[in-house]
Amino acid sequence: MTTENLWPTDLFIGGKWREGTNAERIEVINPSDGATLGSVADASPEDATSAVDAAAAAAHGWAATPARQRGEILRRCWELMVRDAHALARLISLENGKALKDSRGEVAYAAEFFRWFAEEAVRGHGDLAVAPSGANKILVQYQPIGVSLLITPWNFPAAMATRKIAPALAAGCTCVLKPATETPLTAYAVAAILAEAGVPDGVVNVLTTSSTGPVVNAMLDDPRVRKLSFTGSTEVGKILLRKAADQVIHCSMELGGNAPFVVFDDADLDGAVEGAMIAKMRNGGEACTAANRIYVQCGIAAEFTRRLTERMAGLTVGPGPDETTDCGPLVNAAAVKKVSELVDDAVAKGARVTCGGKSPAVAGYYYLPTVLANVPDTADLAREEIFGPVAPVYIFETEEEVIRRANNTEYGLVAYVYTQNLGRGLRVAEKLESGMLALNRGLVSDPAAPFGGVKQSGLGREGARHGMLEFMEAKYIATSW
Ligand code: NAP
C-alpha cells in the first residue's frame, strides 16, 4: 500500500510543502514485508540552508509571542494528535514495523509532550537574589536559545520528534527537524498536525535527506543555528559533538544504552518477569531503555529463566500493523544480521538458547523472541546494544558483585532493580551508574520526568521542566535599586 495520498511526503520549509532540489526521492520500506511504502523528498545542503533561513526569519516573532499563546498552540497540537492517534499509530507500524499496540503507546506518549510543554510554556521563571556583599541584585532571566537543529532516530519516530519540538516551542525557539531516513513519514505527519494547530510558518521546518552528513553539516556550519538536540547512537553523537564544537553550538545528547536489569532473590518473581517483558520487549527490543543484560541472583535464576522463556515463546510474531502481533519485525535487514551475530557469538561462548535463537523463514525482517541462559560476561552482547527481541540472562551471587558487573559499561542511561527490600533497592539504586533507575518497575519514560543518561549515554535531559531549560539560556543582569 502507498501512503503518499494519505500524508504529506515533501519537505516542510517556511510553512510550505515542497520538493527537494535533488530530483531523486527516497524510498520508504515496510519492514513487515520488504515492500515499498512510498517515497519522500530528498533535501540538499541548499534546502537545509533554506530551512535555517525560514527558522531564523520566524525566530523573533515566535520568541515575542506571549507564552500563554505558545502554550495554547501546543495544547492544540496535543488535541490533534489524540484525534489522529489511530492513523498515526498505523503509519508508525507501517514504516517502523513495531506492533500496533506499541505504536499506540508511542502516539499517546508523543502527544503527551505537547500537553506537558503547553503547561510548562508559562513557567519559564527566572531568579532574583541579593549579592552576598549586599551591594547589588542578581537578576536571572531565561531566554530562548535560538534556532535549534533537532535530529531524531527511527525507533520512536513520533515521540523523539515531539520530545524535542514541544520544549523548543515552549521555550520560544524555532527549529529544523531532520528525522531518521528509515522512518520519515511520521515526521511529516507530525508537521501536518503542527501546521493545522496554528504553529506559524517557519517555526518548525522538517526535511529528509539521503545526504545526511553534508545536510547536517551545512546547518551546523551556519552561525544562526545555536542549538543541537540529538537522539541516536553514541557513535554518531560523538561525530556531532566534534562538529558542533566549530561554532560552539549548545548540545543535548540522548545516546545509546546498555541497561542492566537486576533481580534479587527476594524479588516478587511474577512482578520481575512482567517487568522484564516490558523493559525488554517494548518496541520489540528496539529501545535505548531496553533491558540489555538481565542479572538474576543464583537462588531464583532457573525459575526466572523458565518463566521468562514461557512468556517470550508465547508472543505472537507478525506484521507490525496486525492487531494480533506482539512482536513485529526489526527495522531492516542489517538489524536482523546484527542481532543474529550477537546471539551466535553468545552461544559460541557458552550461552544456551531456551527459546527463539533464529529468524523465521518468511519475508520481512523478523527475529524470534529469544532467551539466552547462562550468558558469560565475555559475550559481545554484554557490551553492545542488542536492539532486538533477545533477553540474555546472567547469574550473580552478591550485591557487590552485581553492582560492579552492572556498572562495567561505558553506557549509563537506565537501570532496573527488583527486590522487596526497600533499603537494598535504594542502596543499589544509588550505586548504579545511570541517569534513570526503575525500582520494581519495567518502564521509566514519562513526559513529566527528566529523561537522560550519564557517561556515554548522553548530555542533558528531556521532559519535565529540565527539557525546556535545554532550549533556554540564562541571562544574568547585575543591578541595584
Ligand atoms: P543513528 O544511526 O545514530 O541515527 C540517528 C540520527 O542521526 C538519524 O536521523 C540519522 O540520519 C542521523 N545521522 C546518522 N549519521 C549522521 C552523521 N554522520 N551526521 C549527522 N547525522 C547523522 O541512530 P539510529 O540507528 O537511528 O537509532 C538507534 C540509536 O538511538 C540507538 O543507539 C539508541 O539507543 C539510540 N536512542 C537513544 C535514545 C535516548 O533517549 N537516549 C532514544 C532512542 C534511541 P539517517 O537516518 O539519515 O542516517
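Residues numbered from 1 in each chain as written. Predicted model: local features only at pLDDT ≥ 70, side-chain atom pairs only at ≥ 80, totals over all residues. Heavy atoms only, no water.

Here we look at the site of the ligand
Near the ligand lie 28 residues; those nearest to it are R163, T181, T212, S233 and E385. Measuring from an oxygen atom of the ligand, one finds a side-chain N or O atom of R163 at 2.7 Å. Residue T212 places a side-chain N or O atom 2.6 Å away from an oxygen atom belonging to the ligand. Here the ligand, which alone exposes 900 Å², has 84% of that area covered by the protein. For the shell around the ligand, the elements supplying multiple residues, two or more each, are α5 (159-171), α7 (212-220), β10 (225-231) and α8 (234-244). Per-class residue counts for the shell around the ligand are 15 nonpolar, nine polar and four charged. When residues of the shell around the ligand are assigned to domains, at least three map to each of domain 1 (4-256 + 456-479) and domain 2 (259-410 + 414-446). (Near = heavy atom within 4 Å. Polar contact = N/O pair within 3.5 Å; in protein donor to acceptor, adjacent residues only side chain to side chain. Areas by Shrake-Rupley, 256 points an atom, 1.4 Å probe, with all protein chains shown as cover. Helix = DSSP H or I, 4+ residues; strand = E, 2+ residues; numbered from the N terminus. Nonpolar A, V, L, I, M, F, W, Y, C, P; charged D, E, K, R; others polar. Domains from an automatic or database assignment.)

Points about the packing of aromatic side chains
Counting across every chain of the model gives eight aromatic pairs. Taken together, a centroid distance of 5.4 Å and an interplanar angle of 85° make the contact between F264 and F396 edge-to-face. Here F396 lies in strand β16 (residues 390-396) and F264 lies in the loop between β12 (259-263) and α9 (269-281), a separation of 132 residues in the sequence. Using a relative accessible area of 0% as the deciding quantity, one classes F396 as buried. For the ring pair Y295 and Y394, a centre distance of 5.2 Å and an interplane angle of 35° mean the geometry is tilted. Placement of the pair is Y295 in strand β13 (residues 291-297) and Y394 in strand β16, with a sequence separation of 99 residues. Assigned by exposure class, Y295 and Y394 land together as buried. An aromatic cluster is present here, built from F12, W17 and Y188 joined pairwise through their rings. The ring of F451 carries the charged tip of R163 above its face, separated from the ring centre by 4.2 Å. Sitting above the plane of the Y109 ring, R282 keeps its charged end 5.8 Å from the centroid. (Phe/Tyr/Trp six-rings, centres within 6.5 Å; stacked < 30°, edge-to-face > 60°. Buried < 20%, exposed > 50% of the residue type's maximum accessible area, 1.4 Å probe, protein only. Lys NZ or Arg CZ within 6 Å of the ring centre and 35° of its normal.)

Note that all results are geometric; they support no functional claim without further evidence.
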